[in-house]
Amino acid sequence: METKLVIEKLNGLLEEELASIVRYLHHSFLVFGPMRIPVMELFRKRAKDATTHAVLVGEKITALGGHPTVKISEVLEPGKQTIEEMLKEDLEAEKDMIIRYKKFLPLVEEDVALHFLLCQIVEEEQLHIEDLEKLLRKE
Ligand SMILES: [Fe+2]
Ligand SMILES: [Fe+2]
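Residues numbered from 1 in each chain as written. Chains lettered and ligands numbered in written order. Predicted model: local features only at pLDDT ≥ 70, side-chain atom pairs only at ≥ 80, totals over all residues.

Student: Please provide a residue-by-residue account of the overall build of the chain, values included.
Tutor: Across its full length, the chain carries four helices and zero strands. Written out in order from the N terminus, the α and β elements of the chain read α-α-α-α. Here the C-alpha radius of gyration of the chain, 16 Å, is about what a compact globule of 139 residues would show, namely 14 Å. Dimensions of the chain along its principal axes, counting C-alpha atoms only, are 50 × 30 × 20 Å. Here the analysis covers contacts within the chain between residues at least 6 apart in sequence; of these, 77% occur between residues at least 24 apart. (Helix = DSSP H or I, 4+ residues; strand = E, 2+ residues; numbered from the N terminus. Rg over C-alpha atoms; globule rule 2.2 N^0.38 Å. Contact = placed C-beta atoms within 7 Å.)

Student: Any chance you could break down the environment of threonine 51 for me, citing the residues and the numbers?
Tutor: Among the structural elements, threonine 51 can be located in helix α2 (residues 36-63). Spatially, the C-alpha atoms of threonine 51 and leucine 14 are 9.7 Å apart, while their sequence positions differ by 37 residues.

Student: Please give an account of helix α4 (residues 112-136) that cites residues and values.
Tutor: Compared with an ideal rise of 1.5 Å per residue, which puts 25 residues at 36 Å, α4 spans 36 Å between its outermost C-alpha atoms and is within 8% of the ideal. Those residues of α4 not exposed but buried are Leu114, Leu118, Ile121, Glu125, His128 and Leu132. (Expected span 1.5 Å × (residues − 1). Buried ≥ 20, exposed ≤ 12 C-beta atoms within 10 Å, placed from the backbone.)

Don't take any of this as a statement about function, it's just geometry.
Quick look at the structure:
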C-alpha cells in the first residue's frame, strides 16, 4: 500500500481516537448516583486508553513522514443521558472503531511492524467491547 494512503488512513484513525478521548471524558463528568466512582473511573481509564492509541497512531504518522491531523470525528451530544445510555453509545463507538482498524489490517500486511501495532490495538478494542457488553448485560 502506498505510504501516502497509509498516512491518510492513519489520520482517519487518529481523528476517531481523539473523538474517543473527548467522548469518554465528557461521559466521565456526567456520572451521578451510587455507581458514580467506579463508572467515572472506568470512563477516565478508557479516555487514557484512547490517548495511548492516539499517541501510537500519531507517532506512526510522523515516522512515515506524514503530518498528524488536529481534526476530530464528530462526538454525539445528546444532552442528559443515563449511565446505560452512555455505555450503549460507547459500545457503538467502539464497534465502529474496531471495524475501521480491521478494514485497514489486510491493506498493510507487508508492513509487519505496522500490522502488528494495529493488531495489538484491535485486541484492546475487542476487550473494550466485551467489557461494555458485560456492563450492559442484564443476566
Ligand atoms: Fe482506541
Ligand atoms: Fe477502545
